[in-house]
Amino acid sequence: PVEEDPVEEDPVEEDPVEPDPVEEEPIDDETTTPTEPQDDTPNETDPGEDETPEPPTPPMGDVLCTGNILIDSPDDMQWYVNCTEIGGTLTISGPDLITFNFPYLIRIHDDLIIEDNHVLANLDGISVLNEVGGDIKIINNMMLTDVKGLEGLFIFEGGLHITDNHNLINLE
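Just so it is clear, the structure is predicted and the values come from calculations on it, not from any experiment. (Residues numbered from 1 in each chain as written. Predicted model: local features only at pLDDT ≥ 70, side-chain atom pairs only at ≥ 80, totals over all residues. Heavy atoms only, no water.)

### Focus on the overall build of the protein
Heads up, the condition is: Helix and strand definitions here come from DSSP, where helices need a minimum of 4 consecutive H or I residues and strands a minimum of 2 consecutive E residues; each element is numbered from the N-terminal end. Each residue is assigned to one of three classes by its accessible area relative to the maximum for its type, calculated with a 1.4 Å probe on protein chains only: buried under 20%, partly exposed between the two thresholds, exposed over 50%. Any two residues having at least one pair of non-hydrogen atoms within 4.5 Å are treated as being in contact. All accessible-area figures derive from a Shrake-Rupley calculation using a 1.4 Å probe, and residue coverage is judged against the displayed protein chains alone.
Along its length, the protein carries zero helices and ten strands. Starting at the N terminus, the α and β elements of the protein follow one another as β-β-β-β-β-β-β-β-β-β. Counting every position in the protein, which comprises 172 residues, the buried fraction comes to 27%. In the protein, the share of contacts with a sequence separation of at least 24, taken over all contacts with a separation of at least 6, comes to 38%. For the protein, the computed accessible surface area is about 13,200 Å², with 49% contributed by carbon and sulfur atoms.

### Focus on the sheet that holds strand S6 (residues 112–115)
Just so we agree on the cut-off: Note: two strands are recorded as paired if DSSP finds a minimum of 2 bridges between them. Geometry is summarised by axes, namely lines fitted to C-alpha atoms with helices restricted to the contacting stretch, and by angles between N-to-C directions that run from 0 to 180 degrees.
Overall, parallel pairing links the five strands, which are arranged S2-S4-S6-S8-S10 in an open sheet. In this open sheet, the two edge strands, each paired with only one partner strand, are strand S2 (69–71) and strand S10 (160–163). Strand-to-strand, the axes of this sheet are offset by a mean angle of 5 degrees, without reference to chain direction.

### Section: the side chain of Asn165
Rules: Any pair of nitrogen or oxygen atoms within 3.5 Å is treated as a polar contact; in protein, a donor-acceptor pairing is required on top of that, and neighbouring residues in sequence qualify only through side-chain atoms on both sides.
Along the polypeptide, Asn165 turns up in the segment after S10. In this structure the side chain of Asn165 is engaged in a polar contact, spanning 2.9 Å, whose partner is the backbone oxygen of Thr163. When near neighbours in sequence (up to four residues on either side) are disregarded, Asn165 contacts Ile138, Ile139, Asn140, Asn141 and Leu144.

### Side note on the nonpolar core
In summary, soluble globular proteins display a tendency toward joint burial of nonpolar side chains. What counts is decided by this rule: Put simply, a nonpolar core is a bunch of buried Ala, Val, Leu, Ile, Met, Phe, Trp, Tyr and Cys residues held in one set by side-chain atoms that sit within 4.5 Å of each other.
If you look at the biggest cluster of nonpolar residues, it comprises 26 residues, and the most contacted ones within it are Leu90, Phe102, Leu112, Leu123 and Ile126. Going through the elements one at a time, S2, strand S4 (90–92), S6 and strand S8 (136–139) are the ones with two or more residues in this core.

### Things to note about the sheet that holds strand S7 (residues 131–132)
An order of S1-S3-S5-S7-S9 is seen for the five strands of this open sheet, with the pairing classed as parallel. Each edge of the open sheet is held by one strand with a lone partner, namely strand S1 (64–65) and strand S9 (155–156). Relative to S7, strand S5 (residues 107–108) is paired through two bridges, and the arrangement is parallel. In the strand pairing of S7, Arg107 is matched with Glu131.

### Focus on a nonpolar patch on the surface
The line we're drawing: Candidate patch residues must exceed 30% relative accessible area and have no salt bridge, after which like charges are joined if within 9 Å and Val, Leu, Ile, Met, Phe, Trp or Tyr side chains if within 5 Å. What counts as a salt bridge is simple: a side-chain nitrogen of Lys or Arg found within 4 Å of a carboxyl oxygen of Asp or Glu.
Judged by side-chain polarity, Ile98, Val119, Met142 and Met143 come together as a nonpolar surface patch covering roughly 360 Å² of accessible area. Inspection of the secondary structure puts Met143 in the loop between S8 and S9. Relative accessible area serves as the criterion here: at 40%, Met143 is assigned to the partly exposed category.

### Notes on unusual backbone geometry
The phi dihedral of Asn140 falls on the positive side, at around 55 degrees, and the residue is not glycine. Looking at the secondary structure, you find Asn140 in the loop between S8 and S9. The partly exposed category is assigned to Asn140, whose relative accessible area is 23%. With a phi angle near 55 degrees, Asp164 is a residue other than glycine that sits in the positive phi range. Turning to its location among the elements, Asp164 is positioned in the segment after S10.

The following block contains the structure:
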């Protein structure tokens, strides 16, 4: 048998591809406005300035938060700030809880319980609430001075229990 030498192919040289030249549009000085370069450095605020937190973004439509919800520290609020309805009981009970805020909460399906808050002074955090499907219990809140946060409430189907709130001076 005769062995054939493999045929060597000539390497094909490829022409380097050059990009098409880009034609630039002439700039009409009358219709364009120069822009200032953007400064991407973070703004440093004076340590003495108060930083005002941005208000929460309103929810798109109704937001039903299901189950019973316990707020016993300020960190808990981040999970429920956009609730428009709570499908169970809302309990606000924290010895160090100074304030809470449910800016969109209009309905609680079951009970509203606000108890054992040693430094909570008002209920302004539920000022848009207008319906509670069960009882309202406001018990043992040492610094609570008024219940004005309940002014928008016009439907509640259970009882109203307000006891042991020694600094409560106003029920309006």
